[in-house]
Amino acid sequence: MLSQPEVNAWLEEFLEAYAAPVDFARLKGIMSKRLSVEMPNEPKIKKFEDFEKKHKDILSAWKGAKRVVPKGAPVISCAAKKDEVDVISPQQVNFVWTKELCEVWPNVNLGPGEKAKVQMYDRFKLSSKKECSNYAPVFSPADFKGQDRKDDEDGWGWKLIKALQAGTVAEMIDDAAVFSTPGGKQTKDDFLAAEKKLEGLSYASIGSLQPVITMPDKDGVCEAIIPLARTFKWADGMTEAYPGNDFTAGAEVRMVSYEELTVKAGMVTKIRSHMDAATCIKPAGKSGGN
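Below: a short report on this structure. (Residues numbered from 1 in each chain as written. Predicted model: local features only at pLDDT ≥ 70, side-chain atom pairs only at ≥ 80, totals over all residues. Heavy atoms only, no water.)

### Comments concerning the overall build of the chain
Along its length, the chain carries eight helices and 15 strands. In terms of overall size, the chain behaves like a compact globule, its C-alpha atoms giving a radius of gyration of 19 Å where 290 residues would be expected to give roughly 19 Å. For the chain, the spread of C-alpha atoms along the three principal axes comes to 55 × 40 × 35 Å. The buried share among the 290 residues of the chain stands at 46%. (Helix = DSSP H or I, 4+ residues; strand = E, 2+ residues; numbered from the N terminus. Rg over C-alpha atoms; globule rule 2.2 N^0.38 Å. Buried < 20%, exposed > 50% of the residue type's maximum accessible area, 1.4 Å probe, protein only.)

Given below as structure tokens:
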């Protein structure tokens, strides 16, 4: 299984190859022969060659694209099956909007030649051979904007964060919602009860990261990623629940995660908290990044 420094090095290679002009030969060298690509609201692509064929022209239209991990943002790796790790990393893209992009996303309020930006989340499955077998980015055309425009805090993701802060998040979660945790599946009631057990709990977004929610698919289903920081007081017995940590009871800690959500009609139907206990929990006031 890859270490965090190895994941970070692979990610740097990916972002350099994915920047304009996209170096598909270099990308192919770090991808598995069994690569699958899942773009929002598109059928799954099952071969790298098909990904290149379908998206080469679109990616080339992101003129001058510079792709980076936002400064201080955590890259979170979680153990998966066999020797693999699941990775979620935010990506900030600055580029120039083009006529071709106007045709792909006609509802975006940008014109050719305008300096544009977007923040998205990359999801990868990486093997110990330093190869990616699955790439599934999360982004929305609604988040494309001019580089001089400030980020909004009125979208659905921000409403969820504010509902967590206000203690009203239950109103945004479907009663039949399923929660995936390292310990197994939970119900809505299980989730809310577990959150209430965290003494002095408060919520915030991670740094300047933005929540992202995709456009609805043909069934009205969206995917979302919420960058969430929980601050709470450590309690006796938590080391068993969060292995790799041994704080003193009563110590204030900060836990960061990327909450992967499935959303339908504005209601959460599934939640998977992407978090590695050994690297994502630190004393409050210290960075939660890698």
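### Side note on the state of the cysteines
Evaluation of the coordinates by the stated rule reveals zero disulfides. Here C78 stays free of any disulfide, with the sulfur of C280 as its closest cysteine sulfur at 6.6 Å. Distance from the sulfur of C132, which forms no disulfide, to the nearest cysteine sulfur (C78) is 15 Å. A residue is classified by how much of its surface remains accessible, and C132, at 0% relative accessible area, is buried. (Disulfide = S-S within 2.5 Å.)

### What about a positive patch on the surface?
On the surface, R34, K81, K82 and K129 cluster together to form a positively charged patch. Structurally, K81 can be placed in the loop between β3 (76–79) and β4 (85–96). (Patch = residues over 30% accessible without salt bridge, like charges linked within 9 Å, V, L, I, M, F, W, Y side chains within 5 Å. Areas by Shrake-Rupley, 256 points an atom, 1.4 Å probe, with all protein chains shown as cover. Salt bridge = Lys/Arg side-chain N within 4 Å of Asp/Glu carboxyl O. Lys, Arg positive; Asp, Glu negative; His and termini not counted. Charge placed at Lys NZ, Arg CZ, Asp CG, Glu CD.)

### Side note on the nonpolar core
Ranked by size, the top nonpolar core spans 42 residues in total, and within it F14, L27, W62 and F95 carry the most contacts. Breaking this core down by element, the ones donating at least two residues are α1 (4–18), α2 (24–28), β1 (31–37), α3 (48–60), β4, β5 (115–126) and β6 (132–135). The greatest single-element share of this core, amounting to seven residues, is contributed by α1. With near-sequence residues (within four places) excluded, W62 lies in contact with A20, R67, V93, F95, V96, L101, W105, V118, M120 and F144. Listed in part, the 24 residues of the second largest apolar core include I225, V256, M275 and C280. (Core = buried A, V, L, I, M, F, W, Y, C linked by side-chain atoms within 4.5 Å. Contact = heavy atoms within 4.5 Å.)

### Some remarks on the packing of aromatic side chains
In total, this model carries 23 aromatic pairs according to the counting rule given. Taken together, the ring pairs connect W62, F95, W97, W105, F139 and F144 into an aromatic cluster. (Phe/Tyr/Trp six-rings, centres within 6.5 Å; stacked < 30°, edge-to-face > 60°.)

### Some words on the environment of E13
Examined against the element boundaries, E13 turns out to sit in helix α1. Taking the C-alpha atoms as reference points, E13 and T231, separated by 218 residues in sequence, lie 33 Å from one another. Contacts of E13, omitting those with residues within four sequence positions, involve R26 and I30. Of note is the side chain of E13, whose polar atom sits 3.0 Å from the side chain of R26. (Polar contact = N/O pair within 3.5 Å; in protein donor to acceptor, adjacent residues only side chain to side chain.)

### Looking at the pattern of salt bridges
Under the criterion given, the structure shown has 15 salt bridges. With a closest N to O distance of 2.6 Å, E16 and R26 form a salt bridge. Taken as a pair, E16 in helix α1 and R26 in helix α2 lie far apart in primary sequence, 10 residues in all. On the basis of relative accessible area, R26 is assigned to the partly exposed category, the value being 29%. For K125, the salt bridge is made with D86, and the minimal N-O distance between the two is 2.6 Å.

### Quick look at the pairing of strand β12 (residues 221–233)
Burial analysis of β12 places 10 of its 13 residues in the buried class, the great majority of the element. Sheet topology places strand β10 (residues 202–205) next to β12; four bridges connect them, and they run antiparallel. What sits directly across from Y203, in β12, is R230. Pairing geometry for strand β11 (residues 212–213) and β12, over two bridges, is antiparallel. In the strand pairing of β12, I213 is matched with A224. Note: β12 against strand β13 (residues 252–264), 13 bridges, orientation antiparallel. Within β13, the residue paired with A224 across the bridge is L261. (Pairing = 2+ DSSP bridges.)

### Side note on the pairing of β3
Here β3 runs beside β4; their pairing, made up of four bridges, is antiparallel. Within β4, the residue paired with C78 across the bridge is D86. What sits between the antiparallel neighbours β3 and β4 is a turn of five residues, in which K82 has the positive phi angle 55 degrees.

### Re the side chain of Q119
Here Q119 is to be found in strand β5. Judged by its relative accessible area of 9%, Q119 falls in the buried class. Engagement of the side chain of Q119 in a polar contact is seen with the side chain of Y121, the distance being 3.2 Å. Here Q210 takes part through its backbone nitrogen, which lies 2.7 Å from a polar atom of the side chain of Q119. When near neighbours in sequence (up to four residues on either side) are disregarded, Q119 contacts P90, Q91, Q92, S208, L209, Q210 and V212.

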